[in-house]
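Each chain, letter by letter, is given below.
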Amino acid sequence: MTISAVLQTSFLGDMILTTPLIARLACDGEVHVVATPANAGVLANHPAVSSVIVYDKRGADAGVGGLRHVAACLRATGATIAYMAQGSWRTAALARLAGMRSVGFDRSAGRWLYSRRVAYRKDWHHAQRLWALASHSRGAESAMVEQLRPSLYPGAEDYARTSALLDEAGVDAGEPLLALAPGSVWATKRWPSYDALAGELVARLPDFRIVVLGAAGDAPLAVAISEAVRHRGGPPVIDATGRLSLLGSAALLSRCAALVTNDSAPLHLASAMNTPTLALFGPTVPAMGFGPLADRRATLGMDALTCRPCSAHGGQACPLGHWRCMRELSARAVGAAVTRMAGPS
Ligand code: SF4
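Residues numbered from 1 in each chain as written. Predicted model: local features only at pLDDT ≥ 70, side-chain atom pairs only at ≥ 80, totals over all residues. Heavy atoms only, no water.

## Examining unusual backbone geometry
Quick reminder of the rule: Here a helix means four or more residues in a row that DSSP labels H or I, a strand means two or more in a row labelled E, and each is numbered from the N terminus.
Backbone torsion omega between R308 and P309 reads -15°, so that peptide bond is classified as cis. Tracing the sequence through the fold places P309 in the loop between strand 12 (297-300) and helix 12 (324-327). Unlike most non-glycine residues, N45 shows phi in positive territory, near 70°. Examined against the element boundaries, N45 turns out to sit in the loop between helix 2 (37-40) and strand 3 (51-54).

## Here we look at the sheet that holds strand 6 (residues 116-118)
Paired through backbone hydrogen bonds, the strands of a sheet run either parallel or antiparallel to each other. Stated precisely, the cut-off is as follows: Note on pairing: two strands pair once DSSP finds at least 2 bridges between them. Angles here are taken between N-to-C directions and fall from 0 to 180 degrees, while the axes themselves are lines fitted to C-alpha atoms, restricted in helices to the stretch in contact. Every residue pair with non-hydrogen atoms within 4.5 Å of one another is taken to be in contact.
Taken in spatial order, the six strands make up an open sheet running 3-2-1-4-5-6, and their pairing is parallel. Two strands in the sheet have a free side with no partner beyond their single neighbour: strand 3 and strand 6. This sheet shows a mean twist of 20° between the axes of neighbouring strands, independent of strand direction. Across six bridges, the pairing between strand 1 (residues 2-7) and strand 2 (residues 29-35) is parallel. For A5, the partnering residue across the bridge sits in strand 2 and is H32. In the packing of helix 3 (residues 63-76) onto the sheet, contacts are made with strand 1, strand 2 and strand 3, and the angle to strand 3 comes to roughly 170°. Lying over the sheet, helix 4 (residues 89-97) contacts strand 1, strand 2, strand 4 (81-84) and strand 5 (101-105), oriented at roughly 175° with respect to strand 4.

## Structural notes on the domain arrangement of the protein
Note the threshold: Domain boundaries shown here were taken from an automatic or database domain assignment. Here's the idea: put two parts together, see how much 1.4 Å probe accessible area each one loses, and the total over both is what we call buried area. Only one rule defines a salt bridge in this text: a Lys or Arg side-chain nitrogen within 4 Å of an Asp or Glu carboxyl oxygen. Polar contact is the term for a pair of N or O atoms within 3.5 Å; when the atoms are in protein, one must be able to donate a hydrogen and the other to accept it, and sequence-neighboring residues count only if both atoms are side-chain atoms.
In terms of domain boundaries, the protein breaks down into domain 1 (2-148) and domain 2 (156-342). Look at where the C-alpha atoms of domain 1 and domain 2 centre, and you get two points 29 Å apart. Counting residues at the interface gives 19 residues for domain 1, matched by 16 residues for domain 2. Counting the surface lost from both domain 1 and domain 2, the interface buries some 1300 Å², and carbon and sulfur atoms represent 72% of this. For the interface between domain 1 and domain 2, the tally reads zero salt bridges. If you look at where domain 1 meets domain 2, you find four residue pairs in polar contact (both at pLDDT 80 or more).

## Re the pairing of strand 7 (residues 177-181)
A regular strand places its side chains on the two faces of the sheet in alternate fashion. Put simply, the test is: For each residue, the accessible area found with a 1.4 Å probe, counting protein chains only, is set against the maximum for its type, and the residue is called buried under 20%, exposed over 50%, and partly exposed in between. Assignment of crossover handedness uses the view with strands pointing away from the viewer, where a clockwise path from the first strand over the helix to the second indicates a right-handed crossover.
Across the five residues that make up strand 7, a large majority, five, are buried. Residues of strand 7 alternate between two faces, with L177, A179 and A181 on one and L178 and L180 on the opposite face, all of them buried. Where strand 7 lies against strand 8 (residues 209-212), four bridges are found, and the strand directions are parallel. Residue pairing across strands places A179 opposite V211, the latter belonging to strand 8. As a crossover connection, the stretch from strand 7 through helix 8 (residues 194-204) into strand 8 is right-handed. Two strands pair when backbone bridges link them, and strand 7 and strand 10 (residues 258-262) are joined in this way by four bridges, in the parallel orientation. When the sheet's bridge partners are listed, A181 is paired in strand 10 with T261.

Structure, rendered in structure tokens:
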């Protein structure tokens, strides 16, 4: 039996996309995962994860003392090989300090410390790139979407909270739900017309209740969406922003007919729950490897704009000042696409 470690201290979406690698490694033995405090909870109940070591690299574990502490925790797992899903010099040093061999991408900042380097395939989905880190995953070239689909395991409490939220909103058992996730950490990734879309959907999908997913900071976006629906005479919007854990949001997505989202974490939660997903891309493009992986999926973006993509993550302001990649994506086009996805076939 092999004991492995997976080091992933990037954003939530990256952690979710690392779950296929974790599941693959778990076929051969134990897998221990190093995660940030923000992302650790999303791995709860995951059958492939033997333990989660929280690395608070910008807080309690900042500095060399913190690095040594986490390295000691890693050493205690008995893991002999580290898969560097996050490529900084700091995580590379962590594996070294823990006395482990390491495997990572050939273009990562920490690559000089790795025992083995794997080609970073820009043309692959990121889940596929990460999956290829496992040395025995030589079939990564032809990996199937089912193998690359992330996996999450909401617990009974997560489903109970979701049910309570829907009961409170007066949702009937079979009532169809459509999720909107209007937020993103990056301002240029936030499509600005979710309220117009919601108004449009009152006419297009009159039997559906809209539910807004997101963090507490996305509440004003939910208010704008609720107002737009109310103005069109639609049923009350369910505002779930800030009310559910990450796995609670996943549980809620499993109950939804479809999700409309920016290129942000809810996209990957929906992939894990196989919820039909319409993803809107502005400053980034699906070819960067972060598109949806649900069976029913589609992406929309202003393909004719030559300035796309303009950054790896999407910045806080459009470098050209006009932000056409998102402003010119119409609510009508998005409404038509999601109606095709969620509406009667
Ligand atoms: S430069 Fe182009 S792709 Fe980047 S934010 Fe502006 S409009 Fe969007």
